[in-house]
Amino acid sequence: MEKGLFILLRLGVGNSLIEKEDCRIFKSYTVSQWQNLISMSFKQGVGGAVFDGFLKILNSDSISLEAKELKKLKLQWGTNCIALEERNEEQISRMKELGNIWAESGCRMLLMKGQANALYYPNPLHRAVGDIDCFLFEDFDKGNKVAASFGAKVDTSWYKHSKISFKGEMFENHQFFITTRGGRRSRRLNQTLCELVDESSSFDNYPDSNVLLPPVMFNALFLTSHGFAHFLSEGMRLKQVVDWAMFLKYEQHNINWTELYNLCDEFKYTRYLHAMNDIAVRYLGVEVTNKNVVIESPYSEKIKDSVLYDDDYVFSSGEGGWTNRLHLIRNMIKYRWKYHEIYQENMLKQFYYYITGFLFHTEG
């Protein structure tokens, strides 16, 4: 199942061609196996992209299902993707609307991950939908008040970001880019991300909107830190790996790799970054021509298996509050190899930061 998933994913995101893939494996797939692949792809947040790959082999001799079964499979999968497209279109519309409201009030909205990452996909509407993460520079409080004045429900109970429910869409308005209760290193990381934004004299805009897109070097460090945080304790999906792979594909020559590796050494992301690049090349078909990029890692297989099979997500579990906090702690203990082998950090030290940060509010 895993091999077929990656073949269709490479085809779906435009990183491979049918003639380069061993599509004969699909000849033996039963209806049940196809259903399992569909389920796995959506669970991993890549159902739309995998469907695009499926469409590319549909008219080849790679599928041995009866015509009736194949039609039913295509209809089911396609219906799910149509719903995904409609959901994305709705979110983009709301994002542009609130972005325009903020712009008219003098607030600049910087979009992070999510729909910004989707622009690197051949079909942006086939990337799985999440919340809208944004940063309003010096206007965090003002942005909350402006949104509230236009009927949004604003929750400011969490220090890292407010939650803004605007016409059914959830926005996370970030005061801090990352969780800063992890000691001095986490606060230094947040400051570095702020500097990478401040040093950018100009921004590209999300198409037909006042929404700003993140600069490349900011994105390189932010996607790395955000993905690593999920991998370390919250649970990571293949969607986030594909996001990095597509970013790497298109921005590899625009990234200052010496600077990025120096930053990753400082924040202890280097082993993770090497593994992400390795997975992008080996499993997702990204062609890396920049000789400054390290694309081999002894940890990539283990990390890939963790992404696909750990199935231990925290914040999408339907739980909340203390249940989520206890889940995070359980994950720290259960997957402590991630701290020792990848983060090269003592898990108990991180546990100490987690507890003291919660008790004494050390984010400032």
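Criteria and thresholds
- Residues numbered from 1 in each chain as written.
- Predicted model: local features only at pLDDT ≥ 70, side-chain atom pairs only at ≥ 80, totals over all residues.
- Heavy atoms only, no water.
- Core = buried A, V, L, I, M, F, W, Y, C linked by side-chain atoms within 4.5 Å.
- Buried < 20%, exposed > 50% of the residue type's maximum accessible area, 1.4 Å probe, protein only.
- Helix = DSSP H or I, 4+ residues; strand = E, 2+ residues; numbered from the N terminus.
- 1 Å grid on protein atoms, 1.4 Å probe; cavity = no way out; pocket = protein on both sides within 12 Å on 5 of 7 lines; lining within 4 Å.
- Points joined across faces, edges and corners; volume = space filled by probe spheres on them.
- Nonpolar A, V, L, I, M, F, W, Y, C, P; charged D, E, K, R; others polar.
- Phe/Tyr/Trp six-rings, centres within 6.5 Å; stacked < 30°, edge-to-face > 60°.
- Lys NZ or Arg CZ within 6 Å of the ring centre and 35° of its normal.

Q: Sorry if this is basic, but what is going on with the nonpolar core here?
A: Within soluble globular proteins, side chains that are nonpolar generally end up buried alongside one another. Of all hydrophobic cores here, the largest spans 89 residues; its most connected members are Trp34, Phe54, Trp77 and Leu238. With nine residues, the top contributor of residues to this core is helix α8 (residues 216-234). Within the second largest apolar cluster, 21 residues are counted, among which are Ala116, Cys134, Val146 and Phe166.

Q: Please clarify how the layout of surface pockets should be interpreted in this entry.
A: Rolling a probe over the atoms, with the probe sized like a water molecule, indicates the empty space that remains. The computed volume of the second largest pocket comes to approximately 210 Å³. Ala116, Leu119, Tyr120, Ser202, Phe203, Asp204, Leu213, Pro214, Pro215, Val216, Asn219 and Glu251 together form the lining of the second largest pocket. Taken together, the residues of the lining of the second largest pocket break down into eight nonpolar, two polar and two charged.

Q: What am I meant to see in empty space enclosed by the protein here?
A: Scanning all chains against the criterion turns up two cavities of 30 Å³ or more. Lining the largest cavity are 16 residues, with Gly235, Met236, Ser306, Asp310 and Lys338 sitting closest to its centre. Of all the secondary structure elements, the ones that give two or more residues to the lining of the largest cavity are α8 and α12 (300-309). Examining the composition of the lining of the largest cavity, we find that five residues originate from one element, α8, more than from any other. Residue classes in the lining of the largest cavity are distributed as six nonpolar, five polar and five charged. Approximately 50 Å³ is the volume attributed to the second largest cavity.

Q: Could you clarify how one ought to interpret the packing of aromatic side chains in this entry?
A: Working definition: an aromatic ring pair is given by the centre-to-centre distance plus the angle between the planes. Scanning all chains against the criterion turns up 30 aromatic pairs. Three or more aromatic residues link up through ring pairs in this structure, and these residues are Phe228, Phe231, Phe267, Tyr269, Tyr272, Trp337, Tyr339 and Tyr343. Positioned over the ring face of Phe137 is Arg108, at 4.0 Å from the centre of the ring.

Q: Sorry if this is basic, but what is going on with unusual backbone geometry here?
A: Backbone geometry at Lys113 places phi at a positive 45 degrees, although glycine is not the residue there. Structurally, the position occupied by Lys113 is in the loop between β1 (110-112) and α5 (115-118).

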